[in-house]
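Examination of the molecular architecture
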Amino acid sequence: MPTPIIQVTDVRKSYGRGQNRFDALKGVSFDIAEGESVAIIGKSGSGKSTLMHTLALLDAPTSGSIALEGVDTSTLAGRRLNRTRNRTFGFVFQQFFLTANASVLDNVVLPMKIAGVPHAERKRRGMAALEQLDLADKAKNKAVNLSGGQKQRAVIARALVNDPRIIFADEPTGNLDSSTGAVVEDILFDLNRENGITLIIVTHDEDLAARCDRRIVIRDGLLVEDSRPNGPGSADTTHGRHGAEGVAA
Amino acid sequence: MNAVDLVGSAVSNTFRAKTRTLLTILAIFVGAFTLTLTQGLGTGINAYIDDTVTAVGASDVMTVTKPSDSATTIGTSDDGPAEYDPDTIASGQPGPPGATVVSLSPDDLDTLEGIDGVLRVQATKSIAADYIEGADDTKYVAAIGGLVAGQTVQLTAGEQPDDGSDDLQVVIPVSYVEALGYDGDTDAVGGTVTLAVTDAVRTQHAVEAEIVGVAEESVASPTGASITPNSALTDELYDLQNAGLPDDQADRYAQASVWFADDATDADITALKDRLEDDGYSGVTVADQLGTLKTVIDGIVLVLNAFAIIALLAASFGIVNTLFMSVQERTREIGLMKAMGMGSGKVFGLFSLEAAFIGFLGSAIGAGLAILAGGAISSALSTTLLADLPGLTLIAFDPVSIAIVILVVMVIAFLAGTLPAARAAKADPVESLRYE
Ligand SMILES: Nc1ncnc2c1ncn2[C@@H]1O[C@H](COP(=O)(O)OP(=O)(O)OP(=O)(O)O)[C@@H](O)[C@H]1O
Ligand SMILES: [Mg+2]
């Protein structure tokens, strides 16, 4: 079996200290294989976003380790950490985080601009990404003038423009009506199937979760379910290593 | 993000909140405008003085006097009254009023000649004329100035006095032209004036001389508003003035001119002055004399610059404020960029460059308009208030000091920007992304 792209081992994350200390993650362990589509679901405040932020190396866990392709990420810092994030990850957030008055193209090429890709190549690859998402005709428009669905497609274009290995999506359809949401989902799963991009989606939406290879359920900072409803060996296996006491609590 | 993109992004971010940026630029503009003008004032006046010094020439000459003990004892009475020295005469040198110098004798001239670095010595013959009279029959008081060889006066008409000629020649200042009864500067050239001196036995002698030129009166003219004779006339007047003096008193000079190598450095000149001082003499170059004037002007300009800098400091708080608002507004964008792998250093650079760019815009516009305004003011004043000082451009600009002004403003703006930029750089991407 090849090295999992992400290995999470007993990750804990606490906010505040002393009296105000709050444990958002209380020890979570699982592996994600390259090319998987994973849904992280759970109630509001259960720690989904916190988990995603630690997976995406935006936030360091208080304890435990996250390995990226077998490399312990706590050894990454500064420039190497930034490069890893820039090259490996693409982000789709619930809020679009588009720069309102910049053009759609400018928004989409931002990750390449940060990576220091030359202007001409940026433009070429940016247009290609917009093409892929049927937004080429909007390239010159200001981002603020797009519809909600178009904005989310622009965000996806931005997430995939740098050829990431993993796309993190935090409630990617939360802001969209169901039909537009379905379109965005189709795009994400196409990317997963055709380009082999690993997809990690945080969501409330059971329907969306059901389309993923795998569902990871978080409750109060603990992994309570890790199953593969569609994948091979999809029997509902609850094998959260720390899940048992979580369910009991 | 490469440097070009960083600058490009900073520039385009500047124009995102146009009104806010405009107001900040306006505040900087006021400071930069003032600073450029005051700087231009200094440049203008000092350039005028420099021009005059260059025109005056004789940069290889210093005027040497022999200060008396009493000359420097104003306010220091602990030595008691200074002893009388029959060789003491009033000095024509700049210094405290009433300061006296010991006259130079032929022996002194020999001593000076022997000092290392002195190439040539010439005694300055000072002449006290009684009056000057022109075509009109009115007599006017006149001061006789002397030019050191190599010096020139700035003429409005005619020629320099010819020291090689045996003819008695004189150059009169512009202000004497009409008084002496001539219609204009060119009309005066070729005219004849009478100069009178009184000798030691109270006999008055009149000498006729030809006007060969009319001199401009400028603050830094070597002779001021005085009449400039050529050597022949100087000798004639001096001999007449000293007629009747016993020989040992006739050859007494208040000062002498000393020539040194024309490629002497400032250090060489200082060393020469020190050697002169060791032998009891004091030497002053033309540049020294004008130097004090420049120091005063530099002082005034410095004070004016200080006001402009205060205005700029006030404006820099505007920059701090503008950028803090900008950082606040762009919290999520900053978080996103950091999430996408933009380093803190680059984020810092982005905002501080934006500040520097605002500073650049304000200062470039300020300097540009100040140049226009300064040009207009100088040309308006040169025909009215300052018409008596031809050649003076009150507010002049040299590219280097303009560049320095713009740079200084950019540095101030950059420093102001570091505060908000540091906040942006420190921002935690997760917090920024959670920010509502
Ligand atoms: N910086 C922080 N300081 C203190 N507590 C925090 C901080 N960030 C998150 N939390 C807490 O951690 C818990 C998990 O938050 P998280 O955002 O991961 O929830 P979530 O599962 O994504 O919820 P939602 O579905 O509403 O987005 C919450 O109780 C939240 O209040
Ligand atoms: Mg969340």
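What counts and how
- Every chain is numbered independently, its residues counted from 1 as its sequence is written.
- Here every chain gets a letter starting at A, and every ligand a number starting at 1, in the order they are written.
- Per-residue local features are limited, in this predicted model, to residues with pLDDT of at least 70; the limit for side-chain atom pairs, both in listing and counting, is 80 or more; totals at the level of whole chains, interfaces and linings are taken over all residues.
- Note: side-chain values were computed over all heavy atoms of the structure, leaving out hydrogens and water.
- UniProt positions are given in the numbering used here, feature names are shortened, and annotations may be inferred rather than shown by experiment.
- Counting from the N terminus, the helices are DSSP H or I runs at least four residues long and the strands are E runs at least two residues long.
- Each residue is assigned to one of three classes by its accessible area relative to the maximum for its type, calculated with a 1.4 Å probe on protein chains only: buried under 20%, partly exposed between the two thresholds, exposed over 50%.
- Only heavy atoms enter the contact rule, under which two residues are in contact if any of them lie within 4.5 Å.
- Surface accessibility in these figures is a Shrake-Rupley result with a 1.4 Å probe; residues are shielded only by whichever protein chains are displayed.
- A 1.4 Å probe defines the accessible area here, and the buried area is the portion of it lost by two parts on being joined, summed over both.
- By definition here, a salt bridge exists when the distance from a side-chain nitrogen of Lys or Arg to a carboxyl oxygen of Asp or Glu is within 4 Å.
- Whenever a nitrogen or oxygen atom comes within 3.5 Å of another N or O atom, the pair is scored as a polar contact, on the condition that within protein one atom can donate a hydrogen and the other can accept it, and that pairs from neighbouring residues in sequence are kept only if both atoms are in side chains.
- Think of it as three bins: nonpolar holds Ala, Val, Leu, Ile, Met, Phe, Trp, Tyr, Cys and Pro, charged holds Asp, Glu, Lys and Arg, and polar takes everything else, Gly as well.
- Two strands pair if DSSP finds at least two bridges between them.
- To get an axis, a line is fitted to the C-alpha atoms, and for a helix only the part in contact is used. The angle between two axes follows their N-to-C directions and goes from 0 to 180 degrees.
- For any helix crossing, the convention is left-handed if the near helix is rotated counterclockwise from the far helix by under a right angle, and right-handed if that rotation is clockwise.
- Between rings of Phe, Tyr and Trp, where Trp is taken as its six-membered ring, a pair exists when centres lie within 6.5 Å; planes separated by under 30 degrees are stacked, by over 60 edge-to-face, and by other angles tilted.
- Each ring is checked for a lysine NZ or an arginine CZ that lies within 6 Å of its centre and within 35 degrees of its normal; such an atom marks a charge sitting over the ring.

As named in an unreviewed UniProt entry, chain B is ABC transporter permease, taken from Labedella endophytica. In its Subcellular location (unreviewed entry) section, UniProt records this for chain B: "Cell membrane". Quoted verbatim from the Sequence similarities (unreviewed entry) heading of the UniProt record, the comment on chain B is "Belongs to the ABC-4 integral membrane protein family."

Under an unreviewed UniProt entry, chain A has the name ABC transporter ATP-binding protein and belongs to Labedella endophytica.

**Looking at the overall build of chain B**
If you tally the helices and strands in chain B, you get 13 helices and 13 strands. Expressed as a percentage of its 436 residues, the buried residues of chain B come to 46%. Taking the contacts inside chain B whose residues are at least 6 apart along the sequence as the reference set, 82% of them involve residues at least 24 apart. If you sum the accessible surface of chain B, you get close to 20800 Å²; carbon and sulfur atoms cover 59% of it.

**Description of the interface of chain B and chain A**
Often, the extent of an interface is quoted as the loss of accessible area upon association of its parts. Counting residues at the interface gives 21 residues for chain B and 23 residues for chain A. Between chain B and chain A, the buried area comes to about 2000 Å², and carbon and sulfur atoms account for 59% of it. Inspection of the chain B/chain A interface yields one salt bridge. One salt bridge in this structure joins Arg 122 of chain A and Asp 5 of chain B, with 2.5 Å as the shortest N-O distance. The tally of links from chain B across to chain A stands at five residue pairs in polar contact (both at pLDDT 80 or more). At the level of elements, helix H1 (3-14), helix H10 (331-339) and helix H13 (429-434) of chain B are the ones that each hand at least two residues to the side of chain B that touches chain A. Among the elements that make up the side of chain B that touches chain A, the one with the highest residue count is H10 of chain B (six residues). A breakdown of the residues in the side of chain B that touches chain A according to their chemical character gives nine nonpolar, four polar and eight charged.

**Focus on the environment of Gly 164 of chain B**
Along the chain, the position of Gly 164 of chain B falls in the loop between strand E7 (155-158) and strand E8 (169-173). Among the residues examined, Gly 164 of chain B registers a relative accessible area of 67% and is labelled exposed.

**Here's the deal with the sheet that holds strand E8 (residues 198-203) of chain A**
Residue and element names in this part refer to chain A. Reading across the sheet, the six strands line up as E6-E7-E8-E3-E9-E10 and stay open at both edges, with mixed pairing between neighbours. This sheet does not close on itself; its edge strands, each paired only once, are strand E6 (89-92) and strand E10 (222-227). The mean inter-strand angle of the sheet, taken between neighbouring strand axes irrespective of direction, is 15°. Bridge analysis of E6 against strand E7 (residues 166-170) gives four bridges, and the strand direction is parallel. The residue of E7 that forms the bridge with Gly 90 is Ile 167. Sheet contacts for helix H7 (residues 178-195): strand E3 (37-42), E7 and E8; angle to E8, the most-contacted strand, approximately 150°.

**Re the packing of H10 of chain B against helix H11 (residues 344-382) of chain B**
All names here are of chain B. At a closest axis distance of 10 Å, the pairing of H10 and H11 adopts a crossing angle of 145°. Read as a crossing pair, H10 and H11 show a hand that is right-handed. The residues of H11 that touch H10, namely those facing Ile 334, Met 337 and Lys 338, are Ser 344, Val 347, Leu 350 and Phe 351. Of the residues belonging to the contact of H10 with H11, the class tally is five nonpolar, one polar and one charged.

**Structural notes on the sheet that holds strand E4 (residues 63-68) of chain A**
Residues and elements named next belong to chain A. In space, the four strands of this open sheet follow the order E2-E1-E4-E5, with antiparallel pairing throughout. What marks the edges here is a single partner per strand, and that holds for strand E2 (22-32) and strand E5 (71-72). Summarising the sheet, E4 and E5 pair through two bridges and their orientation is antiparallel. Within E5, the position partnered with Ala 67 by the bridge is Asp 72. Here helix H1 (residues 48-55) sits on the sheet and contacts strand E1 (6-15), E2 and E4; the angle it forms with E2, its principal contact strand, is near 55°.

**Some points on the packing of aromatic side chains**
Considering all chains together, one arrives at nine aromatic pairs over all chains under this definition. A centroid spacing of 5.6 Å and a plane angle of 5° characterise the contact between Phe 91 of chain A and Phe 93 of chain A, whose relative ring orientation is stacked. Each member of the pair Phe 91 of chain A and Phe 93 of chain A is classed as buried. Look at Phe 29 of chain B and Phe 33 of chain B: their rings are 5.7 Å apart centre to centre, the planes differ by 35°, and that puts the pair in the tilted class. With Phe 29 of chain B and Phe 33 of chain B both in helix H2 (residues 18-56) and four residues apart, this pair spans about one turn of that helix. Relative accessible area serves as the criterion here: at 23%, Phe 33 of chain B is assigned to the partly exposed category. An aromatic cluster is defined as three or more aromatic residues linked by ring pairs; in this entry it consists of Phe 89, Phe 91, Phe 93, Phe 97 and Phe 168 of chain A. Its end group placed over the ring of Trp 259 of chain B, Arg 120 of chain B keeps NZ or CZ at 4.0 Å from the ring centre.

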